[in-house]
Structure formats: C-alpha cells, structure tokens
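In case you want the letters, here they are:
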Amino acid sequence: MREFIVEADGGSRGNPGPAGYGSVVIDAATGETLAEAAEYIGVTTNNVAEYRGLVAGLRAAHGLDPTAKVHVRMDSKLVVEQMSGRWKIKHPDMKPLAAEAARVLPASQVTYEWIPREQNKHADRLANEAMDAGKRGEQWVASASTAELDAADARSAAAHRAAARPAVLEPSEPSGPPGDAAAGAARARAAMAGASSPAGPPPFAAAASSPVLSSRRGAADSPGRGAAKAEGDADADVRGGGVAVGGGGVTVDGRTEVADGGVEAGGRPAAAADVSSSAERPPLATALSSSRGAAESPGGGAAKAGADVRAAQVVASPGWGAADMGAPATFVLLRHGETPLTPQKRFSGSGGSDPSLSDIGRDQAERVAAALARRGTIQDIVASPLARTRETAAAVAARLGLEVSVDEGLRETDFGSWEGLTFGEVRERFPDDLNKWLADPEAEPTGGGESFAATATRIAATRDKLVAAYAGRTVLLVTHVTPIKTFVRLALGAPPESLFRMELSAASLSAVAYYADGNASVRLLNDTSHLR
C-alpha cells in the first residue's frame, strides 16, 4: 500500500478577506512532490480557506491512489483537532467542509498531525501564490509556481543555520499541544539533571511557559506575509523551554513579560493599582501606604487574610511534579477591550451603565482574536454577561469558529455608588468609605457594592465549577480586571492587597493552569504584545 503525506494551508487577508489555499501531496517513501493544488477562492475566512486546502489535498491524493494511506500535516490546530475528532465542530461554516473532507477517503486511511508553521512552507507558499493571483484578477497556474523551490530554499537555509550552531542534546517531550506544561516540565527536569554545577538559577520553563503563546498563525496575517515571515514568525513562540530568568523578570524570546517590582509587558513600570474595569488609578501608591495599615499590621491583616482564605480556597504552586498530573485545565484570561470609560479611568463594574466597546476597543478585540487564531490553542470560550465582554468574546469566536457560553460568575465587581466616577472623585466625595475599602477586603464600596472578599468567594466558586467542566482543556475566559486579578491572586496564594499591585491593560491576556491535585500555575500576566 502506498503512503502519501498531504500538507495543506489556507489564509485570508483580512479574515474575512481575499482568500486562497494551497496543498501538496508528497510520496512518504521518497519525499518526492507528486501533486500541487492552489486556488483563489474569493472573500472568506482563514478557517474556511484551511478546510478548502485540506479537501483539495485529500482529493489530489485520492486521484493518485484511492487506496493509499494518507498522513495529513497542517499548522491549523483547529482543523487537525476537529478532523481527529477531539474537538467539536460548532461553527455552521465548518461543518459541511469537515464532512466533505471526511468523505474523500475512508477514515481508516487518513491520520492527522499538527506541525509548526516553519514545517509547512510549501503549502504556505502555494496559498500565497493563489492569493497573489487573485489580487491580479487571475487564478493560480501550476506552471508559474515557484512554491516547491521556495520551500526547498527555506529548508536549506534553516538546515544551514542549524548546522552552524553548537550541537545540543534535546530531551524527549511527552505528547501534547506545543508549549504545554508537560513538555516544559520535561525540558526543565532534563536540564536540571544534566547540569554539571549547581551554580546559577534553575530553568523555569514549566512555570512560565504558556499555551497562549504557542505559535499557530492564520495563513495570511497581511498581504505577502509568506515572504515577510519566511524566516520565522514575529510572534513570541514558547515551546516548553523558551523562557529565561534573571535580572528582574521573565524574558520570553527577548521580551520582558513579567518583571520584579511591578513592570508590565514591554518594560514600562506598572501603575500602582488597577482594581476596576476602567479605573487604573496610579494615585493608589500613596493612598495604600498611608491607609492600608490595618490590613498589614499584626492582628489586622492576618484576620482579614484568614477570612479571605476561608471564603476562597488558595491553591499553591504545583512544582516539578505537575507534568505527572496529566493535562491541566488552562484558563486563558482575556480582559475586554476599551470602552468609552476606560481612558477616563472611571469605575465600571457590574452595577453601572454596562457600556459597549469603543472603536478602539473593537480594534483591540480584533487584534487579540487574530493573535489567538494564530496560536491555535483555544478550545472553548466563556464570557461574563456584560456587554463589553460579550462583544470582545464574539470577535474571538468569529475567528476561531467557536460558540460563546456566558457565566454570571465572571462579571465584574459591583462598585455601588462609585460606578462612573474617577478615583479622585470618589476620594473627594466618599473619603472614609474609600479608606476602609483600601484597607479591608471585607469593606464594600459606598451604596452597597461588592467587597473584594465577596468577589473572591464568587470567583473561587466559578473557578471550581469551570475546572471541573473543562478538565484537560484550554478555555478562554473573557472577563474583567477584578476577576482576572482574583484568579491570579488565588493561584499564587497572595494576600488581598496584591490586587493593588498588578497591572492589567485592556485586551490583555493572562493564563493560569489548574491540575488534577488542586494545584495551580500562573503562566502569563498582562500580555499585550498582540496590540503593538
């Protein structure tokens, strides 16, 4: 029985926008290219183009030998997981295409494998040739294609660079999505076991690697992106061990992500406080040092922290044993995009006007959607019921071909009478209430809002429910500042006042993984690289 390899890709310049696909059939024994297919398919989405590329590749393989074994290799995590039967197909545009692909050859003859973008150059070039032809008002012609030569040149250049580097023995990795905790922990343990001297810090790959940073791009990020990104993706790509520690922060592929002393992604000093959906409130640095004494003094802070721990169970760092616990439930925490209140730094919780996204916020939502589509690890989406989160979630869901579930537990804190006010206005109108709120997690905002302790209780219950419902899956939770900070605080076992010491920008990404033994690992905090 003959064996073929089908490599397929597709992309849309605009998503939806002008789209095309490419696919190639390769003899598994000789590596010879047996057939190529590419087509400009008009205006559609990345996912549709990727599925069209898969169908074309399978049909080409069927035309060569309908009895052959076919191994499909694609850099679309969505298509690979859906066609393998591990992910549900919910989007109405995807269902008929998946069914069409499944009919080309018997399921027993076809297997699927996710590969990094760098290993899918040939199909990538074909898809871009098709889109370039469409831009000229033409269709792709095989006789004019240079995709095979371009891909060969790229592989040759990569091999040359690899040969020029010193040989490094790579440890084997367990199976799983690129950048998952098990792979990162395996690398870290191997590096530790092979170290000849205890000098220097241990590698922290397991603690800092993030599935949201795993590389999975759409086939066309911009016109001509095949050439622009031929030598590598500009996005951060963490695969297990791609994290370095030292000098005040965690650096991912050369970019500071989380640093000591309150430095946010990109190296800018973090604001002292950001506790509401729109109130980032730099003046709290002074307010906290003067008014938080009761929470930090012996007999004061301990009692409040104890009450908070009773309200919401704190989970600790899993350590190196996490790789043995199986795939975690990973929450990718997305703060919604800007609303008209965000740049004014006004309190905007669940008891106010429920604003929608601004034009800037909608652009931010599209940018984060594109980034998550490229990375390809999101399997489900759950959103807060408020308008700004549902709108942000809808933008991502449209890109990923997923549906959005709404969970009331993910709503923002109710800030009572402070809704719509700036921090300065609250300090002027309700100084005593504000000071109590800053010092005591049990204190409520003026007018019967929700305390931080009550928010923690709600978030802990929501966390436990979602961890049980999405065990072993990667879920995007589209929510607000206080819930995200609370997820992170509880995972770290940090005191309530740590809420005032985190920076969380609009449309930023954070991530926490939860293991079967109840332990948690913070993977990412306030990533805004997709907005630059």
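Note that the structure is a prediction, hence the values are computed from the model and not measured.

Participant: Can you break down the overall build of the chain residue by residue, with the values?
Facilitator: Regarding its fold elements, the chain presents 17 helices and 14 strands. The proportion of buried residues among the 532 residues of the chain is 55%. Expressed as a percentage of contacts within the chain between residues at least 6 apart in sequence, the contacts between residues at least 24 apart total 73%. For the chain, the exposed area adds up to about 21,100 Å²; of that, 54% sits on carbon and sulfur atoms.

Participant: Requested: an account of unusual backbone geometry, with residues and values cited.
Facilitator: In this model, Asn 15 is joined to Pro 16 through a cis peptide bond whose omega is 5°. Examined against the element boundaries, Pro 16 turns out to sit in the loop between β1 (3–12) and β2 (17–27). Phi at Asp 354 is positive, roughly 55°, even though this residue is not glycine. Here Asp 354 is to be found in the loop between β9 (329–335) and α12 (359–375). Of note in the backbone geometry, Asn 526 takes a positive phi value of approximately 55° without being a glycine. Tracing the chain through its elements places Asn 526 in strand β14 (residues 520–527).

Participant: How would you summarise the environment of Met 131 if you had to cite specific residues and measurements?
Facilitator: Mapping Met 131 onto the fold places it in helix α4 (residues 121–135). Between the C-alpha atoms of Met 131 and Ile 41, which are 90 residues apart in sequence, the distance is 8.3 Å.

Participant: Just give me the short version of the pattern of salt bridges, but keep the residues and values in it.
Facilitator: Pairs can form between side chains of opposite charge once their charged atoms are near each other. Counting across every chain of the model gives 23 salt bridges. Across the salt bridge formed by Lys 465 and Asp 407, the nearest N and O atoms sit 2.8 Å from each other. Placement of the pair is Lys 465 in helix α16 (residues 452–469) and Asp 407 in the loop between β11 (404–406) and α14 (423–429), with a sequence separation of 58 residues. Residue class for Lys 465 comes out partly exposed when judged on its relative accessible area of 47%. When salt bridges with common partners are traced through the structure, they connect Glu 7, Arg 73 and Glu 113 into a single cluster.

Participant: Can you lay out the side chain of Thr 479 for me, pointing to particular residues and giving the numbers?
Facilitator: Note that Thr 479 resides in strand β12 (residues 474–479). By relative accessible area, Thr 479 is classed as buried at 0%. Apart from the residues lying within four places of it in its own chain, the contact partners of Thr 479 are Leu 334, Arg 335, His 336, Ser 384, Thr 389, Leu 410 and Ile 484.

Participant: Could you give me a rundown of the packing of helix α1 (residues 46–64) against helix α3 (residues 94–104), with the residues and numbers involved?
Facilitator: Axis separation between α1 and α3 bottoms out at 9 Å; the angle between their running directions is 15°. By the angle between their axes, α1 is roughly parallel relative to α3. Handedness of the crossing formed by α1 with α3: left-handed. Across the interface between the two elements, Asn 47, Val 48, Tyr 51, Arg 52, Leu 54, Val 55, Leu 58, Arg 59 and His 62 of α1 pack against Met 94, Leu 97, Ala 98, Glu 100, Ala 101 and Val 104 of α3. Within the contact of α1 with α3, the residues separate by chemical class into ten nonpolar, two polar and three charged.

What counts and what doesn't
Residues numbered from 1 in each chain as written. Predicted model: local features only at pLDDT ≥ 70, side-chain atom pairs only at ≥ 80, totals over all residues. Heavy atoms only, no water. Helix = DSSP H or I, 4+ residues; strand = E, 2+ residues; numbered from the N terminus. Buried < 20%, exposed > 50% of the residue type's maximum accessible area, 1.4 Å probe, protein only. Contact = heavy atoms within 4.5 Å. Areas by Shrake-Rupley, 256 points an atom, 1.4 Å probe, with all protein chains shown as cover. Salt bridge = Lys/Arg side-chain N within 4 Å of Asp/Glu carboxyl O. Axes fitted to C-alpha atoms, helices over the stretch in contact; angles between N-to-C directions. Parallel < 35°, antiparallel > 145°, perpendicular 65-115°, else oblique. Left-handed = near helix turned anticlockwise from the far one by under 90°. Nonpolar A, V, L, I, M, F, W, Y, C, P; charged D, E, K, R; others polar.

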